[in-house]
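Listed below, chain by chain, are the residues.
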Amino acid sequence: MVTPVIRIAVILSAWLGLTLALPASADGAALKTLQAEVEALFHERELQALGIALIEDGELVWLDALGVADPTLGVAATPDTLFRTASISKMFIALAALGLEQAGALNLDVPVRELAPEVHFDNPWEAEHPVRLSHLLEHTSGWNDAYLAEYARRPPEPLALGDALARYAPQRRSRWVPGSRSAYSNSGSAVAAYMVERAAGMPYEEYITQAWLRPLGMDTATFFEPEPGSAALAHSPQGVEPYWSLLYRPVGALNASPRELSALVKLLLGRGQYQGQTLLSEAAITRMETPATSLAWLAGVQSGYGLSNYLSSHNDAGIAFYGHSGSLVGAYSRLLYSPELNSGYVFALTGGDSARNALDHALRDYLLRHRTSTAIAARPLPDHYRALDGLYEPINPRHQQRGTYLPLALRSQRVTTSDRFLHSQPLLGNGDRRQRFYFDGNHPALIDPGTGLGAVAPVVDPLAGQVLHLNDGVYQRVAGWRIWGELGLWITVLAGSALAALWVIAELPVARFRRQAIGARHMWLVPAAVPGLFLGAALLCLTSLPTTDFVLLASRAPATLSVFGFSLGYGLAGLAAPLALIWLARQPGTTRIGVRQGLAWSLSLLHLVMVVYLASRGLIGIRVWTW
């Protein structure tokens with residue numbers, strides 16, 4: 001365990017700004033502290049297996065594994081156990097594309113339509129703004145992320161990449177001008193891998209194995225299901241997960257050991273060189289780290305996605321970390337490296353994702369233990385940045401349906417400015433996710449203190465007009481009345497529906513107890529209460545869906561059909577409620593307008609407004625299986 005004394009010593013040493021190299025014994029003590037902290041996290045978070053490799057100053061200083069890799073066979077995890085790397089796999093797509101470009105066999109800036117005319121996609125702006133290979137690698141094509149059906153498809157036998165892409169061709173469509181916004185897309189990465197396959201003249205997996213895995217000494221790494229006992233089995237709260245045979249293997253199917261993945265970290269730190277081999281030029285590695293196809297880049301924003309490579313930071317260290325994370329059901333991974341520190345790490349785990357961020361923080365704290373927080377040379381914000389105060393909604397969701405069904409209040413950001421800083425944080429929630437950015441007087445974009453690089457800039461979007469690019473997010477100013485009006489509508493409709501239902505439930509038994517005839521006047525609140533029951537049932541069914549059971553989500557199962565049925569029922573009941581009240585108003589003995597009638601009319605009209613609002617967003621008759 002990490003004792004308070006050790007924690008205080010590490011914090012004090014950073015605060016005092018010690019820049020001299022510590023004795024080897026002190027570094028050894030720091031490493032032992034890290035190892036104890038990681039082991040404690042392993043047990044506290046009840047992980048099944050963990051593999052880890054730590055590179056410091058270009059050298060492998062820690063290689064380890066904990067737990068049980070295969071509980072069905074009782075096989076312990078070792079540094080040579082194969083783990084599912086998930087989306088770390090995408091880094092090889094970029095490496096391969098850059099290598100082929102370096103060899104003259106591929107050009108990242110050539111339109112995809114020219115490279116592979118057989119790959120279908122729809123881009124309304126293709127004539128002037130074609131989708132290029134670089135857009136696919138940087139996630140700026142505007143395509144949706146893979147649909148649930150693509151995630152759920154688990155072919156019994158591996159499909160050729162071209163055949164897999166042909167099955168879901170109509171779903172690849174640019175939602176905005178390519179290069180104007182960034183949104184992560186597994187489908188785009190799969191097409192990029194196909195470009196590599198065509199340029200290489202052989203199946204993607206075969207080429208990556210020959211050109212990259214073998215030169216890196218990754219001899220056991222594979223994109224296919226490993227032999228029993230050689231790999232860590234994915235493990236969710238439900239137990240051991242069956243092997244997930246991905247439809248698009250290049251984007252997430254690589255299995256590799258911590259020892260093998262450490263070679264990839266060394267290659268990136270070596271700027272394309274590994275053990276005397278030059279596998280890629282330094283310029284190509286730098287290009288891999290650069291998000292150069294977006295409007296944000298032209299405005300000075302250096303954060304976001306490069307070529308299958310993402311920039312991140314830690315605290316206000318002023319150090320840029322690059323790399324990629326990966327996630328499958330019951331299996332998670334992360335690879336990060338810092339060229340400035342000449343250090344990095346990779347870990348892969350099974351058994352739950354609750355430890356990912358804690359492990360990441362512990363490893364970055366270790367690598368930054370000698371790094372003092374640099375003084376922020378903030379200059380007064382220019383007027384055009386001070387004018388950015390306001391509320392903003394994101395306009396670059398990964399998937400249009402899955403990313404926009406929540407109310408605006410849960411998706412929006414509040415931007416405020418002071419004399420020298422711009423602050424951004426979610427509209428609702430605590431301040432833990434608050435970020436600040438500053439103007440250094442030299443750079444056109446505002447600087448992220450965590451990376452020391454440009455991260456925020458206003459940009460004119462071809463479709464949305466003036467927008468704010470903040471890291472990899474794109475935000476459009478939104479009026480407060482829209483956010484709070486929408487939230488108020490939800491609260492009023494749900495609360496009013498509950499009140500109406502309770503009133504009906506309470507009134508009818510009382511009337512029977514008093515031996516009163518049940519007449520039209522007792523039924524006024526029924527038309528207003530019934531839509532609320534459908535809406536509540538739809539919300540309950542939607543929020544109860546298992547978010548990682550893609551086979552269920554992509555099928556017409558009872559759970560997804562319930563969401564469809566109740567949401568459609570709400571639409572029909574909401575439209576019928578005013579008609580029912582008109583009919584009731586014509587019945588004898590219901591001419592007097594009282595509290596009951598006033599509530600019924602008010603709530604029915606609110607239901608009508610809500611139905612129109614939800615229908616405009618495609619949320620009446622929700623077909624989750626098409627998301």
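Residues numbered from 1 in each chain as written. Predicted model: local features only at pLDDT ≥ 70, side-chain atom pairs only at ≥ 80, totals over all residues. Heavy atoms only, no water.

Observations concerning the overall build of the protein
From N to C terminus, the protein includes 19 helices and 21 strands. Expected size for 627 residues packed as a compact globule is a radius of gyration near 25 Å; at 28 Å, the protein falls within 12% of this value. The principal-axis extents of the C-alpha atoms in the protein amount to approximately 95 × 60 × 55 Å. The buried share among the 627 residues of the protein stands at 54%. Of the contacts formed within the protein by residues at least 6 apart in sequence, a portion of 70% connects residues at least 24 apart. For the protein, the computed accessible surface area is about 27100 Å², with 57% contributed by carbon and sulfur atoms. The protein carries 48 positive and 50 negative side-chain charges, and their two centres are separated by 13 Å. (Helix = DSSP H or I, 4+ residues; strand = E, 2+ residues; numbered from the N terminus. Rg over C-alpha atoms; globule rule 2.2 N^0.38 Å. Buried < 20%, exposed > 50% of the residue type's maximum accessible area, 1.4 Å probe, protein only. Contact = heavy atoms within 4.5 Å. Areas by Shrake-Rupley, 256 points an atom, 1.4 Å probe, with all protein chains shown as cover. Lys, Arg positive; Asp, Glu negative; His and termini not counted. Charge placed at Lys NZ, Arg CZ, Asp CG, Glu CD.)

Some details on the packing of aromatic side chains
Taken as a whole, this structure holds 13 aromatic pairs when the rule is applied. With 5.0 Å between their ring centres and 25° between their planes, Tyr151 and Phe550 make a pair best called stacked. Residue Tyr151 is located in helix α6 (residues 148-152), and its partner Phe550 is located in helix α17 (residues 550-553); the two are separated by 399 residues in the primary sequence. Of the two residues, Tyr151 and Phe550, both sit in the buried class. Their ring planes at 55° and their centres at 6.0 Å tell us that Phe564 and Trp625 sit as a pair that is tilted. With a gap of 61 residues between them, Phe564 in helix α18 (residues 558-585) and Trp625 in the segment after α19 (595-616) connect regions that are remote in the sequence. We classify Phe564 as partly exposed; its relative accessible area is 28%. Three or more aromatic residues link up through ring pairs in this structure, and these residues are Tyr151, Trp244 and Phe550. Looking at Arg113, its charged tip hangs above the ring of Phe121, at a distance of 4.0 Å from the centre. The ring of Tyr366 is capped by Arg369, whose NZ or CZ atom sits 4.0 Å from the centre of that ring. (Phe/Tyr/Trp six-rings, centres within 6.5 Å; stacked < 30°, edge-to-face > 60°. Lys NZ or Arg CZ within 6 Å of the ring centre and 35° of its normal.)

Section: the nonpolar core
Phe92, Leu95 and Trp212 are the most contacted members of the largest nonpolar core, which totals 105 residues. The leading source of residues in this core is helix α3 (residues 90-102), at 9 residues. Ignoring sequence-local partners within four residues, the contact set of Phe92 consists of Tyr204, Ile208, Trp212, Leu213, Leu216, Met218, Leu254 and Leu264. Counting residues in hydrophobic clusters, the runner-up holds 27 residues, among them Ala30, Leu31, Ala317 and Tyr366. (Core = buried A, V, L, I, M, F, W, Y, C linked by side-chain atoms within 4.5 Å.)

Some details on the packing of α3 against helix α9 (residues 204-213)
Running from N to C, α3 and α9 cross one another at 75°; their axes reach a closest spacing of 11 Å. Judged by the angle between their axes, α3 and α9 are roughly perpendicular. From α3, Phe92, Ile93, Leu95, Ala96, Gly99 and Leu100 reach across to α9, where they touch Tyr204, Tyr207, Ile208, Trp212 and Leu213. Here the residues of the contact of α3 with α9 sort into 10 nonpolar, 1 polar and no charged. (Axes fitted to C-alpha atoms, helices over the stretch in contact; angles between N-to-C directions. Parallel < 35°, antiparallel > 145°, perpendicular 65-115°, else oblique. Nonpolar A, V, L, I, M, F, W, Y, C, P; charged D, E, K, R; others polar.)

Re the confidence of the model for the protein
On average, residues of the protein carry a pLDDT of 90, and 92% of them reach 70 or more. Every residue in residues 1-26 is under pLDDT 50, and counting partners more than four places away or in other chains gives 18 contacts. (pLDDT = per-residue confidence, 0-100.)

Notes on the side chain of Asp70
If you trace the backbone, Asp70 turns up in strand β2 (residues 59-70). Summary of buried charges: Asp70 has no salt-bridge partner, and the nearest side chain of opposite charge, Arg84, is 13 Å away. A distance of 2.3 Å separates the side chain of Asp70 from the side chain of Thr72, its partner in a polar contact. Apart from residues no more than four positions distant in its own chain, Asp70 is found in contact with Val75, Gly229, Ala231 and Leu233. (Salt bridge = Lys/Arg side-chain N within 4 Å of Asp/Glu carboxyl O. Polar contact = N/O pair within 3.5 Å; in protein donor to acceptor, adjacent residues only side chain to side chain.)

Re the pattern of salt bridges
When charged atoms on two side chains of opposite charge get close, those side chains can pair. Following the criterion strictly, the structure yields 18 salt bridges and no others. Residue Arg249 is joined to Glu205 by a salt bridge in which the shortest nitrogen-to-oxygen separation is 2.7 Å. Within this pair, whereas Arg249 is found in the loop between β6 (239-240) and β7 (255-256), its partner Glu205 is found in helix α9, the two being separated by 44 residues in sequence. As far as the burial class goes, Arg249 and Glu205 line up, both buried. Notably, a salt bridge pairs Asp360 with Arg364, separated by 3.1 Å at the nearest N-O pair. Placement of the pair is Asp360 and Arg364 together in helix α13 (residues 356-367), with a separation of 4 residues, close to one helical turn. According to the relative accessible area criterion, Asp360 is buried, its value standing at 4%. The structure contains a network of salt bridges with shared partners spanning Asp145, Arg398 and Arg402.

Some points on a nonpolar patch on the surface
Among the surface-exposed residues, Leu406, Leu410, Leu428 and Trp484 lie close enough to one another that they form a single nonpolar patch of about 370 Å² accessible area. Assessed through its relative accessible area of 34%, Leu406 is described here as partly exposed. (Patch = residues over 30% accessible without salt bridge, like charges linked within 9 Å, V, L, I, M, F, W, Y side chains within 5 Å.)

Quick look at helix α8 (residues 186-200)
For an α-helix the count is 3.6 residues per turn, leaving residues at separations of three or four pointing the same way. With 15 residues, α8 should reach 21 Å at 1.5 Å per residue; the first-to-last C-alpha distance of 21 Å fits that figure. Directly after α8, the chain includes Gly201, whose backbone phi takes a positive value near 75°. (Expected span 1.5 Å × (residues − 1).)

Comments concerning the pairing of strand β13 (residues 343-350)
With 8 of its 8 residues buried, β13 lies for the most part within the structure. Of the two faces of β13, the one holding Ser343, Tyr345, Phe347 and Leu349 and the one holding Gly344, Val346, Ala348 and Thr350 are both buried throughout. Of the strand pairs in this sheet, strand β12 (residues 331-338) and β13 are connected by 8 bridges, and their pairing is antiparallel. By the bridge assignment, Arg334 is partnered in β13 with Phe347. (Pairing = 2+ DSSP bridges.)

Here's the deal with the environment of Tyr204
On the secondary structure map, Tyr204 appears in helix α9. Accessibility expressed as a relative area gives 1% for Tyr204, which makes it buried. Sequence-wise, Tyr204 and Tyr194 are 10 residues apart; in three dimensions their C-alpha atoms are separated by 7.2 Å. Separated by 3.3 Å, the side chain of Tyr204 and the backbone nitrogen of Ile93 make a polar contact.

So, unusual backbone geometry
Here the phi dihedral of Gln275 falls at roughly 50°; this positive angle occurs in a residue that is not glycine. When you line up the elements, Gln275 lands in the loop between β8 (273-274) and β9 (277-278). Although it is not a glycine, Asn471 sits at a positive phi angle of roughly 55°. Relative to the helices and strands, Asn471 is located in the loop between β20 (465-470) and β21 (473-477). Among the residues examined, Asn471 registers a relative accessible area of 16% and is labelled buried.

Observations regarding the sheet that holds β2
What the 7 strands build is an open sheet, ordered β3-β2-β1-β13-β12-β11-β10; its pairing is antiparallel. Strand pairing shows two members of the sheet lacking a second neighbour, β3 (75-76) and β10 (310-312), which therefore form its edges. As judged from the 8 bridges shared by strand β1 (residues 49-56) and β2, these two strands associate in the antiparallel manner. Within β2, the residue paired with Leu50 across the bridge is Leu66. The sheet contacts of α13 involve β1, β10, β11 (321-328), β12 and β13, and relative to β13 the element is tilted by about 160°.

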